[in-house]
Amino acid sequence: MKENQALHSGSGSAEPVSSDTTPLLTELGQRLGPDKIETDAGRLAYFSGDFSEILLERPAAVVRPGSLEEVVVIVKAARAHGVSVVPRGGGMSYSLGYAPARPGAVLLDMRALDRIVDIDTRNLTVTVEPGVTWKQLHEALLPTGYRIGFMGTMSGVAATIGGGLGNNATGHGRGDITDDLLGVEVVLADGSVLNTGGRATSPGSPVNRGYGPDFTGLFVGDCAAFGIRTQATFRLQRRPVGVAYACYGFQDPYALADALCDVERSGLAVSNMAFSDYHHRVFAGQSPTAAERRAMIRDLRAASATPVRFARNMLTLARGMKFLAAWPHSVTSIVEGYDQREAQRRAQHLGRLMRHHGGKRLNPSLGVVLTAQPFVPIDKLIVGIDGECSFPSNFTVPLDRARDALKLTDDFFARNEADMERYGITWTRLLLTLKGMFGMEPIIYWRDRMNPLRYDVLSSEHRSQWGERPADDEARACAIDLRKRLVAELECLQPVHFQIGKFYDYQGALASESERMMLAGFKDLVDCNRVMNPGALGLG
């Protein structure tokens, strides 16, 4: 199985890790206070399980640091007692990122480190702690007229920037989380504190990441295998004055993929996302409450550069999204420019590319919504339209392999149609392009009980509807197996996976033994006892 390969394929000679955490918890209780430590069995199950539905180990305790100094205390004490530590952000993982691979681990709930330390618009930097959510940062930056180019994941209501750094997050805006990252502050396994990038050479004004060798990338996408991030500094950019939206409907997903790739090659759009009939039904079926409509108007006004653009965006929004239900596939693009005229001109060029591949212009209300409210309630992301459980997988490939990725996925689910019908399993996918790559996220749905994490993110209405559903162990096992085999099926395309965690086989993706030895050697350098999130990146 993929997750087992990832857990056991690392090299290195780690010292034995203690399974008796009583001395450590006693010490931490004395130094931090007992209110910072949780050992209730139900809460441990909640904190250690993710949306993958794969069970590894329960932690011995959850500890909640509130400062850099408390993280150092925990890490030093854990190392002295031979106990592994695993940080957890907002809990939005579906790849076992914070699921402990060894018994007796201490899980660090990092959400209390939630300060926006500094917003410096004169020098175009913002510094945050890891527990800050993407929604929190978005709302803090909106009045300043500045933003980070990458604005966060769709789960940004709960997903934290620290978790995004550990998973090399991608989602809204330009590129991924690394593009405007200037440096990080990291606590290493021995409790020492390391600053990287501009924070290492110019801690008072970290405006340049490239002064000499830069270690920042080693602590991004590592799922805390190398250390625990406690601060990060990003470069700010002006919010654009010109923003245009485009939406095109397609009958053929392969023609849609060709259009997406051509638009990416053109550089015309900052965001391209494609949806299929399942999500069209979700969008078309939305009936916002009066409070939700007021919130949308407020957020749209804040996101619109001028009163005129706000009025036009309101007209676009008023046309709704019910028309999407008539289309099997659609692309929504967001185009930016120095001014509105430039944005509109770029959108017109984009439209010609879309129509060349058979796209039909539709009302771009979805793009307006995604700009005004980029972060989706978590239960709408991870729970199906009829209360199904779900999990995605992500694959990013070169643009010329887009059709291959679609074909392999379609063929895979066609071959497994009988088992899927037997257990009531369905699937859909999201498509996007970013940084010269084609991305695909197949999502598998099945009816089942809500695990503690899913139940926690349900709204009160959805809890009353779906919260007491009975377990379906066979359907769940089939869905988990389908996901594992789908990942294996597409490995022939050599895809890049975001949110590696302990699910994707990163070790197997490395080109040669030289890369694996370098990775293991760096792990030994910064964590010779292998106590930092063992199993992440396939490192023991």
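Residues numbered from 1 in each chain as written. Predicted model: local features only at pLDDT ≥ 70, side-chain atom pairs only at ≥ 80, totals over all residues. Heavy atoms only, no water.

Q: What am I meant to see in the overall build of the chain here?
A: Across its full length, the chain carries 21 helices and 21 strands. Expected size for 540 residues packed as a compact globule is a radius of gyration near 24 Å; at 23 Å, the chain falls within 12% of this value. For the chain, the residues scored as buried account for 58% of the 540 residues in total. Just so you have it, the chain exposes about 22,200 Å², and 52% of that area is on carbon and sulfur atoms. Considering the chain, the positive charge centre built from 60 side chains and the negative charge centre built from 61 side chains are found 7 Å apart. (Helix = DSSP H or I, 4+ residues; strand = E, 2+ residues; numbered from the N terminus. Rg over C-alpha atoms; globule rule 2.2 N^0.38 Å. Buried < 20%, exposed > 50% of the residue type's maximum accessible area, 1.4 Å probe, protein only. Areas by Shrake-Rupley, 256 points an atom, 1.4 Å probe, with all protein chains shown as cover. Lys, Arg positive; Asp, Glu negative; His and termini not counted. Charge placed at Lys NZ, Arg CZ, Asp CG, Glu CD.)

Q: What should I look at first to understand the packing of aromatic side chains in this one?
A: According to the stated counting rule, one finds 11 aromatic pairs in the structure shown. Between the aromatic rings of tyrosine 278 and tyrosine 445, the centroid separation amounts to 4.7 Å while the plane-to-plane angle is 40°, which identifies the pairing as tilted. In this pair, tyrosine 278 sits in helix 9 (residues 277-284) while tyrosine 445 sits in strand 21 (residues 437-446), placing the two residues 167 residues apart along the sequence. With respect to burial, tyrosine 278 and tyrosine 445 carry one shared label: buried. For the pair phenylalanine 503 and tyrosine 504, a centre-to-centre distance of 5.1 Å together with 85° between the ring planes defines the contact as edge-to-face. Just as phenylalanine 503 is buried, tyrosine 504 falls in that class too. By the ring-pair criterion, three or more aromatic residues cluster together here, those being Phe219, Phe226 and Phe522. (Phe/Tyr/Trp six-rings, centres within 6.5 Å; stacked < 30°, edge-to-face > 60°.)

Q: What is the right way to look at the layout of surface pockets in this model?
A: Empty space among the atoms becomes apparent when a probe as large as a water molecule is rolled across them. The calculated volume of the second largest pocket comes to roughly 540 Å³. In this structure, the second largest pocket is lined by 26 residues; those nearest its centre are Gly221, Val496, His497, Ile500 and Tyr506. Taken together, the residues of the lining of the second largest pocket break down into 14 nonpolar, eight polar and four charged. (1 Å grid on protein atoms, 1.4 Å probe; cavity = no way out; pocket = protein on both sides within 12 Å on 5 of 7 lines; lining within 4 Å. Points joined across faces, edges and corners; volume = space filled by probe spheres on them. Nonpolar A, V, L, I, M, F, W, Y, C, P; charged D, E, K, R; others polar.)

Q: Is there a simple way to think about the pairing of strand 3 (residues 85-88) in this case?
A: On a regular strand, each side chain points to the face opposite its neighbour's, so the side chains alternate between the two faces of the sheet. Neither face of strand 3 is left uncovered, since the one carrying Val85 and Pro87 and the one carrying Val86 and Arg88 both have all their residues buried. By the bridge criterion, four bridges tie strand 3 to strand 4 (residues 106-109) in an arrangement that is parallel. By the bridge assignment for strand 4, arginine 88 is matched with aspartate 109. (Pairing = 2+ DSSP bridges.)

Q: Would you mind going over the packing of helix 11 (residues 307-318) against helix 13 (residues 365-372) with me for this structure?
A: The relative placement of two packed helices comes down to the angle between their axes together with the axis-to-axis distance. Running from N to C, helix 11 and helix 13 cross one another at 120°; their axes reach a closest spacing of 8 Å. The orientation of helix 11 relative to helix 13 falls into the category oblique. For the crossing formed where helix 11 meets helix 13, the hand is left-handed. Between helix 11, through Asn313, Thr316 and Leu317, and helix 13, the contact on the second element is made entirely by Ser365, Val368 and Val369. Residue composition of the contact of helix 11 with helix 13, grouped by class: three nonpolar, three polar and no charged. (Axes fitted to C-alpha atoms, helices over the stretch in contact; angles between N-to-C directions. Parallel < 35°, antiparallel > 145°, perpendicular 65-115°, else oblique. Left-handed = near helix turned anticlockwise from the far one by under 90°. Contact = heavy atoms within 4.5 Å.)

Q: I'm lost on helix 2 (residues 22-32) in this one. Help?
A: Because an α-helix completes one turn every 3.6 residues, residues spaced three or four positions apart along the sequence face the same direction. Among all positions of helix 2, only Leu24, Leu25, Leu28, Gly29 and Leu32 are buried. Viewed end-on, helix 2 has its buried residues packed into an arc of 135°, placing them on one side of the element. Structural note: helix 2 exposes Thr22, Gln30 and Arg31 on the side pointing more than 90 degrees away from its buried face. Buried-residue contacts for helix 2 involve strand 1 (37-38), strand 2 (61-63), helix 4 (68-81) and strand 4. Just past helix 2, the residue glycine 33 takes up positive phi, approximately 105°. (Arc of directions from axis to C-beta.)

Q: Looking at this structure, how should I read the sheet that holds strand 3?
A: Within a sheet, each strand pairs with its neighbour through backbone hydrogen bonds, oriented either parallel or antiparallel. Pairing in this open sheet of four strands is mixed, and the strands run 1-2-4-3 from one edge to the other. Looking at strand neighbours, the two that pair on one side only are strand 1 and strand 3, the edges of this open sheet.

Q: Is there a simple way to explain the sheet that holds strand 5 (residues 116-120) in this structure?
A: Reading across the sheet, the five strands line up as 5-6-12-10-11 and stay open at both edges, with antiparallel pairing between neighbours. Lying at the two open borders of the sheet, with one neighbouring strand each, are strand 5 and strand 11 (193-195). Geometrically, the sheet is characterised by an average inter-axis angle of 10° between neighbouring strands, direction not taken into account. Examined bridge by bridge, strand 6 (residues 125-128) and strand 12 (residues 228-235) share four bridges and lie antiparallel to one another. Across the sheet, the residue bridging to valine 128 is alanine 232, located in strand 12. Across the sheet, helix 5 (residues 134-141) touches strand 5 and strand 6, and the angle it forms with strand 5 is around 35°.

Q: Explain empty space enclosed by the protein here, please?
A: Scanning all chains against the criterion turns up two cavities of 30 Å³ or more. Lining the largest cavity, in full, are Trp134, Leu137, His138, Leu141, Leu142, Tyr146, Arg147, Ile148, Phe150, Met151 and Arg239. Listing elements by their share of the lining of the largest cavity, those giving two or more residues are helix 5, strand 7 (146-147) and strand 8 (150-152). At four residues, helix 5 tops the list of elements feeding residues into the lining of the largest cavity.

Q: So what exactly am I meant to see when it comes to the environment of glycine 204 here?
A: For glycine 204, the position within the fold is in the loop between helix 7 (198-201) and strand 12. With 283 residues separating them in the primary sequence, glycine 204 and valine 487 have C-alpha atoms 44 Å apart.

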